[in-house]
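The chain contents come next:
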Amino acid sequence: MEFVFLGVLLLVPVVYLVLTIGQLQGGSFAVVGAVDQAAKVYVDAPTPQEADARAREAVRIALGDFGFAEEQAAMDIVCSAQCLEPGSSVTIVVRLDVPFPLVPSIAGSHPSAVTVDATATQIVERFG
């Protein structure tokens, strides 16, 4: 009886710790993939408006692949000069609030364990 009681008492926190670490690792992979793809599709677009839309869609898809909602993330775009000018660089930062596992969201709020972020920079081709 003591073995079962102590086993459950010690095993539950260890399992929750493993789930939390897995969620954090998934969030890290999600932002790295999202920011990389967003930067690549941004510099390949013909207009800044279409570039912004493509980058946001790439982030949404990449985060969705890992089970995260678009509302949990924020994306910032910074251009070194005029956006999409040949030879300029575009830097994109994606931040993601990674929630605690098995904790439901209440009224649209997501209690987060940590915020992970990633940055990617791409150079617009000079000769398109």
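As the structure is a prediction and not an experimental result, all values here were calculated from the model.

Reading the values: rules and limits
Residues numbered from 1 in each chain as written. Predicted model: local features only at pLDDT ≥ 70, side-chain atom pairs only at ≥ 80, totals over all residues. Heavy atoms only, no water. Pairing = 2+ DSSP bridges. Helix = DSSP H or I, 4+ residues; strand = E, 2+ residues; numbered from the N terminus. Axes fitted to C-alpha atoms, helices over the stretch in contact; angles between N-to-C directions. Contact = heavy atoms within 4.5 Å. Buried < 20%, exposed > 50% of the residue type's maximum accessible area, 1.4 Å probe, protein only. pLDDT = per-residue confidence, 0-100.

Draft legend 1. Highlighting the sheet that holds strand β3 (residues 112–123). Read across the sheet, three strands follow the order β1-β2-β3 without closing on themselves; strand pairing throughout is antiparallel. Two strands in the sheet have a free side with no partner beyond their single neighbour: β1 (73–79) and β3. Strand-to-strand twist of the sheet, defined as the mean angle between neighbouring strand axes without regard to direction, takes the value 15°. Two strands pair when backbone bridges link them, and strand β2 (residues 89–99) and β3 are joined in this way by 11 bridges, in the antiparallel orientation. Counterpart to Ser-89 in the pairing with β3 is Ile-123. Those strands touched by helix α1 (residues 2–43) are β1, β2 and β3, and its axis lies near 25° from that of β3. Against the sheet, helix α2 (residues 48–65) contacts β1 and β2, and its axis sits at roughly 145° relative to β1.

Draft legend 2. Representation of the environment of Ala-113. Within the secondary structure layout, Ala-113 lies in strand β3. Among the residues examined, Ala-113 registers a relative accessible area of 31% and is labelled partly exposed. Distance from Ala-113 to Thr-20, taken between C-alpha atoms, is 8.2 Å for residues 93 residues apart in sequence. For Ala-113, the contacting residues outside a window of four places in its chain are Leu-24, Val-98, Pro-99 and Phe-100.

Draft legend 3. Just the confidence of the model for the protein chain, in detail. Taken residue by residue, the protein chain gives an average pLDDT of 89. The fraction at 70 or more is 95%. Taking the mean pLDDT of every element in the protein chain, the minimum, 90, falls on β3 and the maximum, 94, on α2.

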